Amino acid sequence: MINKFAVIVTLLLAVLIFVACDAYEANETYEAYEAKEVHETEKVEEIAEIIDSQPRHNFSPDAILLVETVEAVHPIFVISGLLPEEYKQRRDEYLAVTAEPLSRRDFILATQRYITLLRDGHMGRDLTASEFLEIEMVVQNGRLFLADRPHAEVLEIGGVPVNEVFAAIEMHYYLENDAERQRSYAIFSRDRAMLSFAGAYIDRGRVELAIYKNEEAGTLEAGFRRGYSRDFVGSFLDADFIIRHEVIDDVFYINLRAFVQHPDMPYTLAAIEEAVKSGVWKFIVDVRDNSGGFSDVAEDLLAAMGITPPSDGMYRRTSEMSWWDVDDGVKYLYTPPNMEAANPNNVFISVLMNADSFSASTMFGAWVQDGGLGNIIGQPSANAPSAFGAVPPPITLPLSRLNIGISTTRFLRPDINADQNTLWPDIIVPAEDALEVALEFLQSLEVSN
């Protein structure tokens, strides 16, 4: 009786407290967005703790709502050849699994396995807080190492071979390219939910790692701390700036942490325009650790340099939830990719990238590379240049309180003959060396035409 009453109270709270974390709107101030994000994250955590205090729930209505919404909104269902053959089987398995009472964590894992079939790196990466191992790890060539001891390879976690942990990660996250695979392995090998799913033995909140170093085997014990996967790749909300610029010799350097309409943006755009008028033509745009945002910000940056970039092709799914609601039965709007670019000031841009450059950062780099506007220096970004995106405000599943954004568009990089899965830098160097290499490269260029 007590459990039933608690469940009823939980559901009433979930209905009464609205916690939809809206996507950033260009007409919303950065400060308002920052405050709202923090406040709503706290509310999500509070409700999640209430729900998690009960062992099992009937989340079937949430699963049905999610499937119906995904199939009505996501473009994979209207573009020929993209939907995996096993989709219907996996969807039906998801609905069957969630028809039985589940813990919230098991419902989340089942939802992640379903979302993976959409082949969309923008969806399902950070549905809720989890617990992560307190030690940092890195992946090199498919092998897991301790970050502070680069020659200490992790062979097992909680008695489970690392490759089995990697397999569990692949089941729950769609990894668009190898850069994303290496990054996600390093993050989610620390995730308690992934480790538990893989069968790792966790004793009183601690787990043992089998280590191999210098031809000797050993062990290391570690505990967990609460957090989100985004905590390990950084967030522009944690940065002490969004955009900064400075002139280094004859190079205009722009450090951009997110493609959002920040109050400092007009100041930098005006400075770019003045620099171009005075004869500056060498630019660096640093999008290392930039998780993306809105492509119109990228267009503004290039416009200040006098540049019209190439454009992505787009399949834009039309639906009531998307930004392209068409009433005459049209399933999607298609725009072909276009490689044409205009650069009347002969500007040269070096784009600095790393594995944590994502979404609009990848798009910006592809525009520069495909349009012949400069080069990319650093490491490949962690998502594909042809990928899903354009996510409207998320839906909030009423029982689990999961906020899930659903892509509405399939983007196609301007150069249809280039690699569609990986944006390869023109000069591959360790990300931490990219700025120095870019400055040396730009100093070697001849005077602009």
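Given the structure is predicted, the values throughout are model-derived calculations rather than measurements.

Colleague: Outline the overall build of the protein chain, supporting the account with residue identities and numerical values.
Modeller: Broken down by element type, the protein chain carries twelve helices and 19 strands. Counting all 449 residues of the protein chain, 52% fall into the buried class. When contacts within the protein chain are restricted to residue pairs at least 6 apart in sequence, those whose partners lie at least 24 apart make up 74%. Here the protein chain has roughly 20500 Å² of accessible surface; of this, 51% comes from carbon and sulfur atoms.

Colleague: How would you explain the sheet that holds strand β9 (residues 251-256) if you had to name every residue and give the values?
Modeller: What the six strands build is an open sheet, ordered β8-β9-β10-β13-β14-β19; its pairing is mixed. Two strands bound the open sheet, and with one partner strand each, they are β8 (243-248) and β19 (427-428). Helix α11 (residues 360-370) rests against β10 (282-286), β13 (348-353) and β14 (374-378) of the sheet, and its axis sits at about 145° to β13. With respect to the sheet, helix α12 (residues 434-444) is in contact with β8, β9, β10, β13, β14 and β19, its orientation differing from that of β13 by roughly 165°.

Colleague: I'd like a description of the packing of helix α9 (residues 265-277) against helix α10 (residues 295-304), backed by residues and values.
Modeller: Between α9 and α10, whose axes approach to 8 Å, the crossing angle comes to 30°. If you check the angle between α9 and α10, you find them roughly parallel. Where α9 abuts α10, its residues Met265, Leu269, Ile272, Glu273 and Val276 lie against Val297, Asp300, Leu301 and Ala304.

Colleague: I'd like a rundown of α9, residues and numbers included.
Modeller: For α9, with 13 residues, the first-to-last C-alpha span of 19 Å sits near the 18 Å given by 1.5 Å per residue. At the C-terminal side of α9, Gly279 shows a positive phi close to 105°.

Colleague: How would you summarise helix α6 (residues 162-172) if you had to cite specific residues and measurements?
Modeller: Inspection of α6 places Val162, Val165, Phe166, Ala168, Ile169 and His172 among the buried residues, and these make up the whole buried set. Taken around the axis of α6, the buried residues stretch over an arc of 155°, which confines them to a single face.

Colleague: Could you give an account of the environment of Gly293, naming the residues involved and the relevant values?
Modeller: On the secondary structure map, Gly293 appears in the loop between β10 and α10. Apart from the residues within four sequence positions on either side, Gly293 is in contact with Phe259 and Ala360.

Colleague: Mind laying out empty space enclosed by the protein, listing which residues take part and the relevant values?
Modeller: Inspection of every chain in the model, using the stated rule, returns two cavities of 30 Å³ or more. Its volume calculated, the largest cavity comes out at about 100 Å³. For the lining of the largest cavity, the elements supplying multiple residues, two or more each, are α5 (104-116), β1 (130-133) and α8 (192-198). Sorting elements by how many residues they give to the lining of the largest cavity places α5 first, with four residues. Counted by class, the lining of the largest cavity contains eight nonpolar, four polar and four charged residues. Volume-wise, the second largest cavity comes out at about 50 Å³.

Colleague: Give me the lowdown on the sheet that holds strand β12 (residues 332-335), citing residues and values where you can.
Modeller: Note on sheets: strands pair through backbone hydrogen bonds, and any given pair is parallel or antiparallel. Strand order across the open sheet formed by four strands is β12-β11-β18-β15, with antiparallel pairing between neighbours. Of all the strands in the sheet, the pair left with one neighbour each is β12 and β15 (388-389). Sheet topology places β15 next to strand β18 (residues 409-412); two bridges connect them, and they run antiparallel. The partner of Gly389 across the bridge, within β18, is Thr409.

Colleague: Could you give me a rundown of the pairing of strand β11 (residues 313-317), with the residues and numbers involved?
Modeller: Judged by how many residues are buried, β11 sits mostly within the fold: four of five residues are covered. When β11 meets β18, the two strands line up antiparallel, connected through four bridges. Paired with Tyr315 across the two strands is Arg410, which belongs to β18. Pairing of β11 with β12 involves four bridges; the strand directions are antiparallel. Each bridged residue has a counterpart across the sheet, and for Met314 the counterpart in β12 is Thr335.

Colleague: So what about the nonpolar core? Which residues, and what values?
Modeller: One finds Ile272, Phe283, Met305 and Ile349 to be the most contacted residues of the largest nonpolar core, which totals 36 residues. Looking at this core, the elements with two or more residues in it are β9, α9, β10, α10, β13 and α11. Those residues in contact with Phe283 that lie beyond four places of it in its chain are Val251, Phe252, Ile254, Ile272, Val276, Met305, Val347, Phe348, Ile349, Ser350 and Leu442. In this structure, Tyr173, Ala186, Val207 and Ala222 belong to the second largest nonpolar core, which totals 35 residues.

Colleague: Which residues make up the confidence of the model for the protein chain, and what are the values?
Modeller: When the pLDDT values of the protein chain are averaged, the result is 86; 86% of them are 70 or greater. Confidence drops under a pLDDT of 50 for residues 1-45, and excluding neighbours within four residues, the segment shows 66 contacts in the predicted structure.

Colleague: Lay out the pattern of salt bridges with the relevant residues and their values.
Modeller: Counted by the stated rule, this structure contains 13 salt bridges. Here Glu153 ties to Arg143 by a salt bridge, and the two come within 2.7 Å at their closest N and O atoms. Placement of Glu153 in strand β4 (residues 149-157) and of Arg143 in strand β3 (residues 143-146) is noted, with a sequence separation of ten residues between them. Look at Arg143 and you get partly exposed, because its relative accessible area is 43%. When the shortest N-O distance is used, the salt bridge between Lys282 and Asp250 registers 3.2 Å. With Lys282 in strand β10 and Asp250 in the loop between β8 and β9, the pair connects residues that are 32 residues apart, well separated along the chain. Among the charged side chains, a salt-bridge network with shared partners connects Glu71, Arg91 and Asp92.

What counts as what
Per chain, residue numbering runs from 1 following the sequence as it is written. Note on the predicted model: pLDDT of at least 70 is required for a residue's local features to be given, and 80 or more for side-chain atom pairs to be given and counted; whole-chain, interface and lining totals, by contrast, use all residues. Based on all heavy atoms of the structure, the side-chain values leave hydrogens and waters out of the count. A run of H or I in DSSP counts as a helix once it spans at least four residues, and a run of E counts as a strand once it spans at least two, with each numbered from the N terminus. Throughout, exposure labels follow a simple rule: accessible area from a 1.4 Å probe, protein chains only, divided by the maximum for the residue type, with under 20% read as buried, over 50% as exposed, and the rest as partly exposed. We call two residues contacting when some pair of their heavy atoms lies within 4.5 Å. Each accessible area value is a Shrake-Rupley result obtained with a 1.4 Å probe; residue values ignore everything except the protein chains displayed when judging cover. Strands are treated as partners if at least two bridges between them are detected by DSSP. Only the stretch in contact is used when a helix axis is fitted, and all axes are lines through C-alpha atoms; the angle between N-to-C directions ranges over 0 to 180 degrees. When describing relative orientation, an angle under 35 degrees is termed roughly parallel and one over 145 degrees roughly antiparallel, while 65 to 115 degrees is termed roughly perpendicular and anything else oblique. Expected span of a helix, by definition, is 1.5 Å for each gap between consecutive residues, and there is one gap fewer than residues. It is the directions from the helix axis to the C-beta atoms that the arc portrays. In this analysis, the protein atoms alone were mapped onto a 1 Å grid. Cavities are point sets where a 1.4 Å probe fits without being able to get out; pockets are open sets with protein on both sides within 12 Å along at least five of seven lines; lining residues have an atom within 4 Å of a point. Grid points are joined across faces, edges and corners, and a volume is the space filled by probe spheres set on the points. Under the scheme applied here, ten amino acids are nonpolar (Ala, Val, Leu, Ile, Met, Phe, Trp, Tyr, Cys and Pro), four are charged (Asp, Glu, Lys and Arg), and all others, including Gly, are polar. Buried Ala, Val, Leu, Ile, Met, Phe, Trp, Tyr and Cys residues that are joined via side-chain atoms within 4.5 Å together make up what is termed a nonpolar core. pLDDT is defined as a per-residue confidence score from the predictor, taking values between 0 and 100. In the sections that follow, a salt bridge refers to a side-chain nitrogen of Lys or Arg positioned within 4 Å of a carboxyl oxygen of Asp or Glu.

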